[in-house]
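Observations on chain architecture
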Amino acid sequence: METDKLITILFVVALVISIGSEIYRRRAGKTLSNKLLEALYTEKFDVFDQLIAEKRTQRLISLFNRKFLLLNKSLLKGDHHQVMDQLQEFEKETMSDVQKVAVHSKAFYYFLSCGDKKNTTKYYKLLKENKAFKDEKDLERIYDTYILKGCRYLEETKEEAEGDPFLLAMVADMYSNRGDRENMQKYADMARECAEVQVQAQKRESK
């Protein structure tokens, strides 16, 4: 199973789904926010660049949220140097705990998809230390599977995995960590099929 490639694909799907929930929208800027998010989702980066540069965007959307949208653009484009520069800029700023969760979660999954254990561990620790972070179970499960190469969460993940490509992929990798190639391949195929179904559904909804 090409774990890194599959995780990268699933990461991008999860990223697109989650962007909207992490952007605070003022009522007056809701339409503008939706246009920016749609441009990111459909990867119309030229449209996004035009919108993000407009004066009304600077007026209606906070500086943090504009920078966060730009980070998501770099993540979707796979622009590693830009991602690194933007994360360094965030580290220089004073952020609320909730804002830190948004940025550090993106960084954690990005470095995980790159196979960068050092930076994945860095953001894993930052998330664990943040009192606003609420997804500790998922964080521990991911860290155990992909960084520690364990399978502590195999049985409970199998119970939760139906219809979830990310969890199905995790089950596959837990079996890989255990050395069970037959079940690894079984769940890897299920994850790919489920991911494709979700991608097609998202495309239909965006039309």
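In the block above lies the structure referred to throughout.
This section reports on the structure supplied with the text. Everything quoted here is computed from the prediction, not taken from an experiment.

1. Details of the packing of helix α7 (residues 97-114) against helix α8 (residues 117-129)
For the pair α7 and α8, the least separation of the axes is 8 Å and the interaxial angle reads 150°. The orientation of α7 relative to α8 falls into the category roughly antiparallel. Both α7 and α8 take part in a crossing whose hand is left-handed. Across from Val101, His104, Ser105, Ala107, Phe108, Phe111 and Leu112 in α7, the residues of α8 making contact are Asn119, Thr120, Tyr123, Tyr124, Leu126 and Leu127. Residue classes in the contact of α7 with α8 are distributed as 9 nonpolar, 4 polar and no charged.

2. Observations concerning unusual backbone geometry
For Glu43, which is not a glycine, the phi torsion comes out positive at approximately 60°. One can find Glu43 in the loop between α2 (30-41) and α3 (45-53). On the basis of relative accessible area, Glu43 is assigned to the partly exposed category, the value being 46%.

3. Concerning the environment of Phe133
Mapped onto the elements, Phe133 comes out in the loop between α8 and α9 (136-146). Each C-alpha atom, one on Phe133 and one on His104, is 10.0 Å from the other, the two residues being 29 residues apart in sequence. In contact with Phe133, not counting residues within four places along its chain, are Val101, Ser105, Leu127 and Leu139.

4. Description of the nonpolar core
Counting 42 residues, the largest nonpolar core has Leu71, Leu87, Phe90, Val103, Phe108, Ile142 and Met170 as its most contacted members. Mapped by element, the contributors of at least two residues to this core are α5 (63-77), α6 (80-92), α7, α8, α9, α11 (165-178) and α12 (181-206). Among the elements that make up this core, the one with the highest residue count is α11 (9 residues). In contact with Leu87, other than residues within four places in its own chain, are Leu71, Val103, Ala107, Phe111 and Tyr123. Formed by 13 residues, the second largest nonpolar core is a distinct cluster that contains Ala39, Phe48, Leu60 and Leu69.

5. Digging into the packing of aromatic side chains
By the definition in use, this model includes 8 aromatic pairs. Seen from their ring centres, Phe111 and Tyr123 are 5.8 Å apart, and the 15° between their planes marks the pair as stacked. Taken together, the residues span a long stretch of sequence, with Phe111 in helix α7 and Tyr123 in helix α8 at a distance of 12 residues. Here Phe111 falls in the buried class, since its relative accessible area comes to 1%. You can call Tyr123 buried: its relative accessible area is 2%. Among the aromatic residues, those joined into a cluster by ring pairs are Phe64, Phe68 and Phe90. Lying across the ring of Phe45, Lys77 places its NZ or CZ 5.6 Å from the centre.

Calculation rules
- Residues numbered from 1 in each chain as written.
- Predicted model: local features only at pLDDT ≥ 70, side-chain atom pairs only at ≥ 80, totals over all residues.
- Heavy atoms only, no water.
- Axes fitted to C-alpha atoms, helices over the stretch in contact; angles between N-to-C directions.
- Helix = DSSP H or I, 4+ residues; strand = E, 2+ residues; numbered from the N terminus.
- Parallel < 35°, antiparallel > 145°, perpendicular 65-115°, else oblique.
- Left-handed = near helix turned anticlockwise from the far one by under 90°.
- Contact = heavy atoms within 4.5 Å.
- Nonpolar A, V, L, I, M, F, W, Y, C, P; charged D, E, K, R; others polar.
- Buried < 20%, exposed > 50% of the residue type's maximum accessible area, 1.4 Å probe, protein only.
- Core = buried A, V, L, I, M, F, W, Y, C linked by side-chain atoms within 4.5 Å.
- Phe/Tyr/Trp six-rings, centres within 6.5 Å; stacked < 30°, edge-to-face > 60°.
- Lys NZ or Arg CZ within 6 Å of the ring centre and 35° of its normal.

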